[in-house]
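What the coordinates show
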Amino acid sequence: MSRDTFSCALPELGSDRPVTVRIRPQVINLLVGAEAPSYSFDLSGRLIGAFVAGRNYRRGFDNRVLEKWSGANAARQRRWLSAAEAQTFLTGLYDLAGRVAGQVGDLRLAVLRKWDWPALQADAARFAQVYRPVSILPPDQYLALVLQATEGCSYNRCAFCDFYRDRPFRVKSPDELRAHIEAVRAFFGPALALRKSLFLADANALVAPMPRIRGWLDVIEEARLLPAAGIYSFIDAFDVHRKTQADWAELAGRGVRRVYIGLETGDDVLLRFLRKPGSASDVVDAVTRLKAAGVAASAIVMTGIGGDRYAAGHVTGTVAALNTLPLAAGDIVYFSPFVDHPGSEYGQLAREAGLRALTEVEVAAQEAAIRAGLRPYDPAHPPQCSRYDVREFIY
Ligand code: SF4
């Protein structure tokens, strides 16, 4: 057994269920018995994930816990634990982890002994001081280091989107970003090792003028925070055109690897209904420009949006738009089932228009229909196609 792997027995688990601890360069794994339960922690000792009794758990920095499992017909199920459930769950697992750390005695495991419920709650309060709420990230960026170079969305009026309605759009100065980075660095501590990419948030951060972005990138480089995997960000198609081709090439040269664009739908009639500016052809132009400059792209399609009324046009238009995008390996097409929230502007519009919301089965069928129509631009190197379920987002 290497010096990074340890085993111990806890009386209540019995000698046939030893606990194995592995200390890796970015995470600490703890495994009870041969297979489960299992727990992963970052190098600050914060829980990243757990697998207990056939269910997966993730803890967010805001101290909420998301539970996920496969239901009937392998359908993905999920729910947020209540605060009381989260307290019981986290208290129990940190009690176990703390006792294991005590038995093993390796100093690197001391981080597992500092967490109890009050400490976790204090940590969530600290997170709220360092960040505005991190409202959403693309699924491949859940483990990114988020830097909020801007706050909010520069548009903020799409009927279906309430991610940033709680804050006005604000572009930070390089000095503000420097202060934010110091706070972020102190918050993460050794857990920074797990963060392999950098996500420039919130929405549309790259809409900032080039001199401002250059200032941010200088600050990020000074702080030695530019990770090997580079920089990622959301942008809307209508904002891509505000930069020249030379600007985008410069950003690619300074580490911007991929940007995520909400196509939502290839049906311009539906886009108008959603109050989203621009058109599907703007997305085609934007992705073409980005790719020519050496920046990868992700197009996000919202399935189920527009209900029964728009379903046929949504499928036809979206297939047509996606088949015009020069997407290849390194790019991603995301399918994001639309989630309506009580009191949303979209809900009001849908009621007024008499739309029937699609069922989960119909939404899945819509995604399948769009996927079936895809003809990759480069068949030998097609883009990745994945599900983007905003109900599973956690940071
Ligand atoms: S969909 Fe994009 S542009 Fe529209 S409000 Fe949301 S973040 Fe802003």
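Quick look at the structure, then.

Parameters and conventions
Residues numbered from 1 in each chain as written. Predicted model: local features only at pLDDT ≥ 70, side-chain atom pairs only at ≥ 80, totals over all residues. Heavy atoms only, no water. Helix = DSSP H or I, 4+ residues; strand = E, 2+ residues; numbered from the N terminus. Rg over C-alpha atoms; globule rule 2.2 N^0.38 Å. Buried < 20%, exposed > 50% of the residue type's maximum accessible area, 1.4 Å probe, protein only. Areas by Shrake-Rupley, 256 points an atom, 1.4 Å probe, with all protein chains shown as cover. Pairing = 2+ DSSP bridges. Core = buried A, V, L, I, M, F, W, Y, C linked by side-chain atoms within 4.5 Å. Contact = heavy atoms within 4.5 Å. Near = heavy atom within 4 Å. Nonpolar A, V, L, I, M, F, W, Y, C, P; charged D, E, K, R; others polar. Axes fitted to C-alpha atoms, helices over the stretch in contact; angles between N-to-C directions. Parallel < 35°, antiparallel > 145°, perpendicular 65-115°, else oblique. Arc of directions from axis to C-beta.

Describing the overall build of the protein chain
- Helix and strand counts for the protein chain stand at 11 helices and 17 strands.
- Its C-alpha atoms give the protein chain a radius of gyration of 23 Å, within 12% of the compact-globule value 21 Å for 395 residues.
- Judged by the C-alpha coordinates and their principal axes, the protein chain covers about 65 × 50 × 45 Å.
- Counting every position in the protein chain, which comprises 395 residues, the buried fraction comes to 54%.
- Accessible surface, the protein chain: about 17100 Å² in total, of which carbon and sulfur atoms supply 54%.

Digging into the pairing of strand β4 (residues 38–42)
- As paired strands, strand β3 (residues 27–32) and β4 are joined by 5 bridges and run antiparallel to one another. Bridge pairing in β4 links Ile28 to Phe41.
- The turn linking β3 back onto β4 is made up of 5 residues, and Gly33 within it adopts a positive phi angle of 70°.
- One ladder, built from 4 bridges, connects β4 with strand β5 (residues 47–52); its direction is antiparallel. Counted as the bridge partner of Tyr39 is Ala50 from β5.
- Between β4 and the antiparallel strand that follows it, β5, lie 4 residues; Gly45 among them carries a positive phi value of about 90°.

A few points about the nonpolar core
- Residues Tyr131, Phe188, Leu200 and Tyr395 are the most contacted members of the largest nonpolar core, which totals 94 residues.
- When residues no more than four places from it in sequence are discounted, the contact partners of Leu200 are Leu147, Ala149, Ala205, Leu206, Trp216, Ile220, Ile231, Tyr232 and Ser233.
- In terms of nonpolar packing, the next biggest core, distinct from the first, is built from 34 residues, Ile28, Phe89, Leu90 and Val104 among them.

Focus: the site of the ligand
- Around the ligand, the surrounding shell consists of Cys153, Asn156, Arg157, Cys158, Phe160, Cys161, Tyr164, Ala203, Asp236 and Lys276.
- For the shell around the ligand, a count of residues per class yields 6 nonpolar, 1 polar and 3 charged.

Thoughts on the sheet that holds β3
- Ordered by their spatial adjacency, 8 strands build an open sheet running β1-β2-β3-β4-β5-β6-β7-β8, and the pairing between neighbours is antiparallel. With one partner strand each, in any of the chains shown, β1 (5–8) and β8 (76–80) form the two edges of the open sheet. Recorded for the sheet is a direction-independent mean angle of 15° between the axes of neighbouring strands.
- Across the sheet, helix α1 (residues 83–104) touches β1, β2 (19–23), β3, β4, β5, β6 (55–59), β7 (65–70) and β8, and the angle it forms with β5 is around 100°.

Notes on the packing of helix α4 (residues 210–222) against helix α6 (residues 245–253)
- The geometry of α4 relative to α6 is characterised by a closest axis approach of 12 Å and an angle of 5° between their N-to-C directions. Classified by the interaxial angle, the pair formed by α4 and α6 is roughly parallel. Counting all contacts with α4, which are made through Met210, Ile213, Arg214 and Leu217, the residues of α6 involved are Asp247, Glu250 and Leu251.

Brief notes about the sheet that holds strand β13 (residues 231–234)
- Sheet architecture is open: 7 strands sit in the order β9-β12-β13-β14-β15-β16-β17, paired in parallel fashion. This sheet does not close on itself; its edge strands, each paired only once, are β9 (145–148) and β17 (384–387). The mean angle between the axes of side-by-side strands here comes to 25°, regardless of whether they run parallel or antiparallel.
- Two strands pair when backbone bridges link them, and β9 and strand β12 (residues 198–201) are joined in this way by 4 bridges, in the parallel orientation. When the sheet's bridge partners are listed, Gln148 is paired in β12 with Ala201.

Considering the side chain of Glu264
- Looking at the element boundaries, Glu264 is found in strand β14 (residues 256–264).
- You can call Glu264 buried: its relative accessible area is 5%.
- Residue contacts for Glu264: discarding those within four places in its chain leaves Phe160, Leu271, Lys276, Ile300, Val301, Met302 and His314.

Comments concerning the side chain of Arg59
- Take Arg59: it is sitting in strand β6.
- Arg59 has contacts with Arg46, Leu47, Ile48, Arg64, Val65, Leu90, Leu120, Asp123 and Ile394, leaving out every residue within four places of it along the chain.

Topic: α6
- Burial in α6 covers these residues: Asp247, Trp248, Leu251 and Ala252. What you see down the axis of α6 is that its buried residues fit within an arc of 140°, all on one side. When the buried face of α6 is taken as reference, the exposed residues oriented beyond 90 degrees from it are Ala246 and Gly253.
- Where α6 is buried, its residues touch α4, α5 (237–240), β14 and α8 (280–292).
- Just downstream of α6, Gly255 is the residue with a positive phi angle, here 115°.

Any functional reading would require information beyond the geometric quantities listed.
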